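The residues making up each chain are set out below.
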Amino acid sequence: MNKAFTKESDAPDDDDGDGPALPSLPAGTRNYMTPGGYARLRAEFMQLIDVERPKMVETVSWAAKNGDRSENGDYLYGKKRLREIDRRLRFLTKRLDIAEVVDPSAHFGSEQIFFGATVTYANSRGEEKTITIKGIDESDSLAGEVSWISPIARTLLKARVGDELSLVTPVGVEKIEVVEVSYPAPASA
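Within each chain, residue numbers correspond to sequence positions counted from 1 in written order. Given that the model is predicted, a residue must reach a pLDDT of at least 70 before its local features are reported, and side-chain atom pairs must reach 80 or more before they are shown or counted; all residues, however, enter totals for whole chains, interfaces and linings. Derived side-chain values reflect all non-hydrogen atoms in the structure, with water molecules and hydrogen atoms excluded from consideration.

## Digging into the packing of aromatic side chains
Rule in force here: Here the aromatic set is Phe, Tyr and Trp, taking the six-membered ring for Trp, and pairing holds for ring centres within 6.5 Å; pairs whose planes are under 30 degrees apart are stacked, those over 60 apart are edge-to-face, and all others are tilted. Under the DSSP-based scheme used, a helix requires at least four consecutive residues in state H or I and a strand at least two consecutive residues in state E, with every element numbered from the N terminus. Burial status follows relative accessibility: with a 1.4 Å probe on protein chains alone, a residue under 20% of its type maximum counts as buried, one over 50% as exposed, and anything between as partly exposed.
Applying the stated criterion across every chain, the model contains two aromatic pairs. Their ring planes at 45° and their centres at 5.9 Å tell us that tyrosine 32 and phenylalanine 115 sit as a pair that is tilted. Placement of the pair is tyrosine 32 in strand E1 (residues 31-33) and phenylalanine 115 in the loop between strand E2 (99-101) and strand E3 (118-123), with a sequence separation of 83 residues. Pairing tyrosine 32 with tryptophan 148 gives two aromatic rings, centres 5.2 Å apart and planes at 75°, and the pair type is edge-to-face. Residue tyrosine 32 is found in strand E1, and its partner tryptophan 148 is found in the loop between strand E5 (145-147) and helix H3 (151-156); the two are separated by 116 residues along the sequence. A residue is classified by how much of its surface remains accessible, and tryptophan 148, at 10% relative accessible area, is buried.

Below, the structure written as structure tokens:
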């Protein structure tokens, strides 16, 4: 069969980029982000649009001039990479358009848990864990950051130091106690 009449993928055109799929935002919610998270996504967007995409377009253009495209690795890889870049750009555009930047330092000194808080909590066995509540597009579980829509963050939000809470886990309900809450200090003008 001629390659022109075959589909590349049966999957719908996802906008999740070339990385792991990020969870979608719950309906009717805002895309909260810290200023640092917004800046990182914006920097990635600008890098893709100003550097990587033009470089790949140049490579594909050069490779297209080299003859038979069906066996031209530079051309085939370049076209695939361009689709990946364009998909990631669409994803970033959508997420940056609906982003609501929230500065956690506005709550500096507060003992109540809001978006951007770094929280230390203890479970019933006395084990302490520290997490930072961040946006869905910027959280990194390996760095102790959780999305504000995660079960632990939803349990902790609005609680205060000393509060005992019930965290629903896959193995059952676990009692946790808020030990410490901190926020980054406001930037001096």
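## A few points about the packing of helix H1 (residues 35-64) against helix H2 (residues 73-97)
Threshold: The axes used here are C-alpha line fits, helices contributing only the stretch in contact, and every angle between their N-to-C directions lies in the interval 0 to 180 degrees. Relative orientations are named as follows: roughly parallel for angles under 35 degrees, roughly antiparallel for angles over 145 degrees, roughly perpendicular for angles from 65 to 115 degrees, and oblique for any other angle. Should the near helix be turned anticlockwise from the far one by less than a right angle, the crossing is left-handed, and should it be turned clockwise, the crossing is right-handed. Polar here means any residue other than Ala, Val, Leu, Ile, Met, Phe, Trp, Tyr, Cys and Pro, which are nonpolar, and Asp, Glu, Lys and Arg, which are charged; Gly is therefore polar.
In contact at an axis separation of 9 Å, H1 and H2 are set at 155° when each is read in the N-to-C sense. Accordingly, the angle class assigned to the pair H1 and H2 is roughly antiparallel. Here H1 and H2 pass one another in a crossing that is left-handed. For the contact of H1 with H2, a count of residues per class yields 18 nonpolar, two polar and nine charged.

## Some thoughts on the pattern of salt bridges
How we decide: What counts as a salt bridge is simple: a side-chain nitrogen of Lys or Arg found within 4 Å of a carboxyl oxygen of Asp or Glu.
One pass over the structure, following the stated rule, counts ten salt bridges. Between lysine 134 and glutamate 145 there is a salt bridge, with its nearest N and O atoms 3.2 Å apart. On the criterion of sequence distance, the pair formed by lysine 134 in strand E4 (residues 128-134) and glutamate 145 in strand E5 is long-range, its members being eleven residues apart. For the pair lysine 134 and glutamate 145, one class covers both residues: buried.

## Here's the deal with the nonpolar core
For clarity, the cut-off: Residues belong to one nonpolar core when they are buried, are Ala, Val, Leu, Ile, Met, Phe, Trp, Tyr or Cys, and are joined through side-chain atoms within 4.5 Å. Whether two residues are in contact is decided by their heavy atoms, any of which lying within 4.5 Å being enough.
In terms of nonpolar packing, the biggest core is built from 19 residues, with Ile113, Val119, Ile152, Leu156 and Val178 touching the most fellow members. Going through the elements one at a time, E3, E4, H3, strand E6 (164-169) and strand E7 (172-182) are the ones with two or more residues in this core. Not counting the four nearest positions on each side in its chain, isoleucine 113 is found in contact with Val119, Ile133, Leu156, Leu157, Lys158, Ala159, Val178, Val181 and Tyr183.

## Overview of the sheet that holds E5
So the rule is basically this: Should DSSP find at least two bridges between two strands, the strands are regarded as paired.
Here five strands make up an open sheet; going across it, the order is E5-E4-E3-E7-E6 and the pairing mixed. Looking at the sheet topology across the chains shown, the edges are occupied by E5 and E6. Sheet twist, expressed as the mean angle between neighbouring strand axes with direction ignored, is 45°.

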